[in-house]
Amino acid sequence: APLGDKLDRWLVAADFRGNVLVSKGGAVLLRKGYGMADREKGIPYTADTVFDVGSITKQFTAAAILKLEMQGKLRVEDPIAKYFPGVPEDKKSITLHHLLTHTSGLESDFAGDYDSVSRDEYVKRTLASQLRTKPGEAYFYAHSGYSLLGAVVEIVSAKPYEQYLRDNLFLPAGMRNTGYKLPAWPPERIAVGYHDGKRWGKINEKPWAADGPYWALRANGGISSTLDDMLRWHVALSGDSVLSATEKEKMFRKHVREGPVADTYYGYGWSIGEAAWGGRLIEHNGGNGTFFADFLRYVDDNLVV
């Protein structure tokens, strides 16, 4: 494709390291890796390299909550006190909707990404914290809210977080290579992170619990995936194989402005805005200072990057 060739030349000239997929109208224009995924072993990035999607994880958590609503197991209007015992007075009015839209008033973090904090300990710290603002009053991007949602997924489904996602979201969408541990990728497929030229390592070399990251990262970040699986997710969200039209409308609704003067809005785990040339842009990115991922869905153009 001429456009694919043009993008390819541009990425080579920019010395891009990573991989890229561009699809328009259902046709893949570009699907390629650039640079080295493992410099020490000389393994190049390919279109099949597994990478950390960072906060793109949040939309998977949001989809799990919406799936549980579809299954009649919860409602997004539910207060968190329905799922956690001993919620203090100032947090009793926080709802799942507030957590999904970053309007709970919670601070963002109550531990480092790799601190060994269990679910119950993380929930306890979050509930004991000082709120920034009253629930529902202001938008503030908070990882902690999504960790709480991950805990709700486990409590309501009686399944580990990743297992629920795999059974109810990923496998129905044909995504066999997305998750924390269950995909069991061959080690050579997983990208190595580099920071200021030094080896930071692979996501599966970091301190994790037996079934995935500890709770400062779980459900808000740290999921890994592939280009093809992310495209499958886009396709699944374009149809109703995973979520109903009703639930998708909630996911992609402009719930709250992402800042006082922002021209983008937060849905559930997605940023909703406009393409430079007009039309809806539904996107989210993720990063941890070492890995960076971007997922852009120009839905009116049937274009995904």
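Structural data are supplied above this passage.
Everything in this summary refers to the structure shown in the same document. If you're wondering where the values come from, they're calculated on a predicted model, not measured in any experiment.

1. Some details on the overall build of the chain
- The helix and strand inventory of the chain stands at eight helices and 14 strands.
- Referenced to the eigenvectors of the C-alpha coordinate spread, the extents of the chain come out at roughly 60 × 40 × 35 Å.
- The contacts in the chain between residues at least 6 apart in sequence include a share of 62% that link residues at least 24 apart.
- For the chain, the exposed surface amounts to about 13,300 Å²; the carbon and sulfur share of it is 52%.
- Looking at charge distribution, the chain has the averaged site of its 38 positive side-chain charges lying 2 Å from that of its 38 negative ones.

2. Brief notes about the pairing of strand β12 (residues 280-287)
- In this sheet, β12 lies alongside strand β11 (residues 271-274) in antiparallel orientation, the contact comprising four bridges. Bridge pairing in β12 links E274 to R280.
- As consecutive antiparallel partners, β11 and β12 are separated by five residues, and within that stretch G278 has a phi angle of approximately 95 degrees, a positive value.
- Across six bridges, β12 lies against strand β13 (residues 292-298) in antiparallel orientation. Note on β13: the bridge partner recorded for N285 is D294.
- Hairpin connection of β12 to β13: four residues between the antiparallel strands, including G289 at a positive phi of 90 degrees.

3. A closer look at the packing of aromatic side chains
- A full pass over the atoms with the stated rule returns 13 aromatic pairs.
- A centroid spacing of 5.9 Å and a plane angle of 70 degrees characterise the contact between F16 and Y34, whose relative ring orientation is edge-to-face. With F16 in the loop between α1 (2-13) and β1 (18-24) and Y34 in strand β2 (residues 27-34), this pair connects stretches of sequence that are 18 residues apart.
- F16 sits in the partly exposed class, given a relative accessible area of 30%.
- Arranged with centres 5.9 Å apart and planes meeting at 45 degrees, the rings of Y139 and Y266 form a pair that is tilted. Placement of Y139 in the loop between α4 (119-128) and α5 (143-157) and of Y266 in strand β10 (residues 265-266) is noted, with a sequence separation of 127 residues between them.

4. Points about the environment of T290
- You can see T290 is positioned in the loop between β12 and β13.
- Sequence spacing of T290 and T264 is 26 residues, and the spatial spacing of their C-alpha atoms is 25 Å.
- Every residue in contact with T290, bar those within four places of it in the chain, is listed here: G193, Y194, H195 and W200.
- Within polar-contact distance, the side chain of T290 engages the side chain of H195 at 3.4 Å.

5. Notes on α5
- Taking 1.5 Å per residue as the helical rise, α5 with its 15 residues ought to reach 21 Å, and the 21 Å between its terminal C-alpha atoms agrees with that figure.
- Burial analysis of α5 places 13 of its 15 residues in the buried class, which makes it a mostly covered element.
- Remark: A158 follows α5 within two positions and exhibits a positive phi of approximately 60 degrees.

6. Remarks on the pattern of salt bridges
- A complete count under the given rule lists 22 salt bridges for this structure.
- Among the salt bridges present, the one from E121 reaches R125, with a minimum N-O distance of 2.7 Å. With E121 and R125 both in helix α4, this residue pair falls four residues apart, about one helical turn.
- Across the pair D167 and K159 runs a salt bridge whose closest N-O atoms are separated by 2.9 Å.
- We classify D167 as partly exposed; its relative accessible area is 31%.
- For K159, a relative accessible area of 32% translates into the label partly exposed.
- Because the salt bridges share partners, they merge into one network encompassing R119, D120, E154, D211 and R218.

7. Describing the nonpolar core
- In terms of nonpolar packing, the biggest core is built from 72 residues, with F84, L165, W233, M251 and W270 touching the most fellow members.
- If you list the elements that add at least two residues to this core, you get α2 (57-70), α3 (96-100), α4, α5, α6 (161-170), α7 (227-238) and β13.
- The contacts of L165, once residues within four sequence positions are left out, are F60, A64, F170 and I223.
- Among the nonpolar cores identified, the runner-up in size contains ten residues, and V20, L30, Y34 and L281 belong to it.

8. What to know about the environment of E249
- Looking at the secondary structure, you find E249 in helix α8 (residues 245-251).
- Linking E249 and G267, residues 18 residues apart in sequence, is a C-alpha distance of 9.4 Å.
- In this structure the side chain of E249 is engaged in a polar contact, spanning 2.6 Å, whose partner is the side chain of R253.

Reading guide: rules and limits
- Residues numbered from 1 in each chain as written.
- Predicted model: local features only at pLDDT ≥ 70, side-chain atom pairs only at ≥ 80, totals over all residues.
- Heavy atoms only, no water.
- Helix = DSSP H or I, 4+ residues; strand = E, 2+ residues; numbered from the N terminus.
- Contact = heavy atoms within 4.5 Å.
- Areas by Shrake-Rupley, 256 points an atom, 1.4 Å probe, with all protein chains shown as cover.
- Lys, Arg positive; Asp, Glu negative; His and termini not counted.
- Charge placed at Lys NZ, Arg CZ, Asp CG, Glu CD.
- Pairing = 2+ DSSP bridges.
- Phe/Tyr/Trp six-rings, centres within 6.5 Å; stacked < 30°, edge-to-face > 60°.
- Buried < 20%, exposed > 50% of the residue type's maximum accessible area, 1.4 Å probe, protein only.
- Polar contact = N/O pair within 3.5 Å; in protein donor to acceptor, adjacent residues only side chain to side chain.
- Expected span 1.5 Å × (residues − 1).
- Salt bridge = Lys/Arg side-chain N within 4 Å of Asp/Glu carboxyl O.
- Core = buried A, V, L, I, M, F, W, Y, C linked by side-chain atoms within 4.5 Å.

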